[in-house]
Amino acid sequence: MKRKIIIIFLLLSVFLVACRVNSETNSPTSSKFTPAIENYKGSVFSTVIGTDSTKNAGRIGSSLVLQNINEPIDISFGQTGRDREFGLTIYYDYRPIQFKIGREENYIDRFKFSIKDSEKINMSLYLNDSEVIPDDLCHFLTFIFTPSPNEYAKDKKNVTYNSAQVYNYNLYFNNYDESKKFVNSNYTINTPYKYYPYESNPLILNTNITNEIDASEEVFLPDKCYRVNTDSLFEMNYILSNPEGNSQTAILFLEIGNEHVRINDQEYIYIDLNNELMANDKLTFLTPKEPGLYDVIGFVVYDPFLDINSNLNQIPETSVRFTLEVVEKK
């Protein structure tokens, strides 16, 4: 059943040092629908990511330095709230890449691990030297920790807004040098179907017709579950907000079942925000080839090819999480 949310509502996020705390989200103009984040009470996720070369370069904010591709990236990850499963995926210039944990021989697309309530785990990982080739440019490295990929939005009582913990870094090779140029997009910038002069939460994916926002000035949440065929093209709306109009551009990419999926036959969509508060267009993707349940999470990164340390909307955002029930194509 489709449920409405008023366009202007408050998504409250409290940030601690190296911590992101999930908080309840309220609509200040509606008492009928007060969406809540699943298990938000007492849930704190903390992450520290670094390298020896980064430490040697001194305090440099949201930046990482790799002296060479064989240098380990050290991660300390902790969480409270309850025992959970997590899935870790890594993106290089917003493309999914393989990596390996510790001295394992094989590279993997994602790392699945269990963590207990109030536990902290440490890991070292190595990037794939066939996918990450050092040069004189500054690149971008993104880490996505998805909680409970073995659970599904369709079974939750509440809507999950903070669908994953996302950390984005400038990546310098050899040495930290602010004069280095930043890498640019592999794709041309896309002009959305329409802009709107108001905001919602950062990213909504749904199946409502595009012009419905014009008629009602409301944004609809996705259904908790969509029943779809295997290996079929699925079309959705994206409604992307630009907080306070601070960003010029954004990129949007998707994970289904904690694995990256191409959208519009690209690894991501590069979007021109045109100094507007909201952008709206359609996207398409192929559903999984195997029947089963898969949660879908959209990700948005604002001004993705500028210095992260000077970005007003530095923290990447996620969409409301929902489920695909994939059945055999008849």
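Residues numbered from 1 in each chain as written. Predicted model: local features only at pLDDT ≥ 70, side-chain atom pairs only at ≥ 80, totals over all residues. Heavy atoms only, no water.

Colleague: Please provide a residue-by-residue account of the overall build of the protein, values included.
Modeller: Along its length, the protein carries 2 helices and 25 strands. Out of the 330 residues in the protein, the part that is buried amounts to 55%. By sequence separation, contacts in the protein at least 24 residues apart represent 77% of the contacts at least 6 residues apart. As displayed, the protein offers around 15,100 Å² of accessible surface, 47% of which is attributable to carbon and sulfur atoms. (Helix = DSSP H or I, 4+ residues; strand = E, 2+ residues; numbered from the N terminus. Buried < 20%, exposed > 50% of the residue type's maximum accessible area, 1.4 Å probe, protein only. Contact = heavy atoms within 4.5 Å. Areas by Shrake-Rupley, 256 points an atom, 1.4 Å probe, with all protein chains shown as cover.)

Colleague: I'd like a description of the pattern of salt bridges, backed by residues and values.
Modeller: Considering all chains together, one arrives at 8 salt bridges under this definition. Of the charged contacts in the structure, one is a salt bridge between Arg-321 and Asp-295, with a shortest N-O distance of 2.6 Å. Taken together, the residues span a long stretch of sequence, with Arg-321 in the loop between β24 (317-318) and β25 (322-327) and Asp-295 in strand β23 (residues 292-302) at a distance of 26 residues. Comparing Arg-321 with Asp-295 shows no difference in burial state: the two are buried. One salt-bridge network, in which partners are shared between bridges, spans Arg-82, Glu-151 and Lys-156. (Salt bridge = Lys/Arg side-chain N within 4 Å of Asp/Glu carboxyl O.)

Colleague: Explain the packing of aromatic side chains to me, using residue names and the numbers behind them.
Modeller: Here a ring pair, both rings aromatic, is described through the centre-centre distance and the interplanar angle of the planes. One pass over the structure, following the stated rule, counts 22 aromatic pairs. Ring centres of Phe-111 and Phe-113 lie 5.5 Å apart, and the angle between their planes is 25 degrees; this geometry places the pair in the stacked category. Note on Phe-113: relative accessible area 6%, which makes it buried. Ring plane angle 80 degrees and centroid distance 6.0 Å describe the contact between Phe-140 and Phe-305, whose orientation is recorded as edge-to-face. (Phe/Tyr/Trp six-rings, centres within 6.5 Å; stacked < 30°, edge-to-face > 60°.)

Colleague: Describe the nonpolar core, and please don't skip the residues or the numbers.
Modeller: It is characteristic of soluble globular proteins that their nonpolar side chains tend to be buried jointly. One finds Leu-88, Leu-125, Leu-127, Leu-141 and Phe-143 to be the most contacted residues of the largest nonpolar core, which totals 29 residues. Apart from the residues lying within four places of it in its own chain, the contact partners of Phe-143 are Ile-49, Leu-64, Ile-73, Ile-75, Leu-88, Thr-89, Ile-90, Leu-125, Gln-165, Val-166, Tyr-167 and Tyr-169. Listed in part, the 28 residues of the second largest apolar core include Tyr-226, Ile-256, Ile-271 and Val-296. (Core = buried A, V, L, I, M, F, W, Y, C linked by side-chain atoms within 4.5 Å.)

Colleague: For unusual backbone geometry, give the residues involved together with the corresponding values.
Modeller: Even without a glycine there, the phi angle at Ser-118 is positive, about 65 degrees. You can see Ser-118 is positioned in the loop between β10 (111-115) and β11 (119-127). Look at Ser-118 and you get exposed, because its relative accessible area is 58%. Despite not being glycine, Ser-148 shows a phi value in the positive range, around 50 degrees. Inspection of the secondary structure puts Ser-148 in the loop between β12 (139-147) and β13 (165-173).

Colleague: An account of the confidence of the model for the protein is needed here, citing residue identities and associated values.
Modeller: On average, residues of the protein carry a pLDDT of 86, and 85% of them reach 70 or more. Throughout residues 1-40 the model reports pLDDT below 50, and contacts reaching past four residues in sequence, or to other chains, amount to 103 contacts. (pLDDT = per-residue confidence, 0-100.)

Colleague: Can you tell me about the environment of Leu-221, naming the residues and giving the values?
Modeller: Looking at the secondary structure, you find Leu-221 in the loop between β16 (218-220) and β17 (225-229). Since its relative accessible area comes to 3%, Leu-221 is described here as buried.

Colleague: Quick rundown of the side chain of Ser-163? Include the residues and the values.
Modeller: Its place among the elements puts Ser-163 in the loop between β12 and β13. For Ser-163, the side chain forms a polar contact with the main-chain nitrogen of Arg-321, separated by 3.4 Å. If we ignore the near neighbours within four places in the chain, the residues touching Ser-163 are Thr-146, Pro-147, Ile-297, Thr-318, Ser-319, Val-320 and Arg-321. (Polar contact = N/O pair within 3.5 Å; in protein donor to acceptor, adjacent residues only side chain to side chain.)

Colleague: So what about the environment of Leu-127? Which residues, and what values?
Modeller: Relative to the helices and strands, Leu-127 resides in strand β11. Separated by 58 residues in sequence, Leu-127 and Ile-69 have C-alpha atoms that sit 6.7 Å apart. In contact with Leu-127, other than residues within four places in its own chain, are Leu-66, Ile-69, Ile-73, Ile-90, Ile-97, Gln-98, Tyr-107, Val-132 and Leu-141.

Colleague: Any details on the sheet that holds strand β14 (residues 194-196)? Residues and values, ideally.
Modeller: The 4 strands lie next to each other as β14-β22-β18-β15, forming an open sheet whose pairing is antiparallel. For this open sheet the edge positions go to β14 and β15 (203-206), each flanked by a neighbour on one side alone. This sheet shows a mean twist of 30 degrees between the axes of neighbouring strands, independent of strand direction. Across 9 bridges, strand β18 (residues 233-241) lies against strand β22 (residues 278-286) in antiparallel orientation. By the bridge assignment for β22, Leu-233 is matched with Leu-286. (Pairing = 2+ DSSP bridges. Axes fitted to C-alpha atoms, helices over the stretch in contact; angles between N-to-C directions.)

Colleague: How would you summarise empty space enclosed by the protein if you had to cite specific residues and measurements?
Modeller: For the structure on display, the rule yields 4 cavities of 30 Å³ or more. By volume, the second largest cavity is sized at about 70 Å³. As for the second largest cavity, its lining consists of Thr-146, Pro-149, Glu-255, Gly-257, Asn-258, Asp-295, Ile-297 and Arg-321. Taken together, the residues of the lining of the second largest cavity sort by class into 2 nonpolar, 3 polar and 3 charged. (1 Å grid on protein atoms, 1.4 Å probe; cavity = no way out; pocket = protein on both sides within 12 Å on 5 of 7 lines; lining within 4 Å. Points joined across faces, edges and corners; volume = space filled by probe spheres on them. Nonpolar A, V, L, I, M, F, W, Y, C, P; charged D, E, K, R; others polar.)

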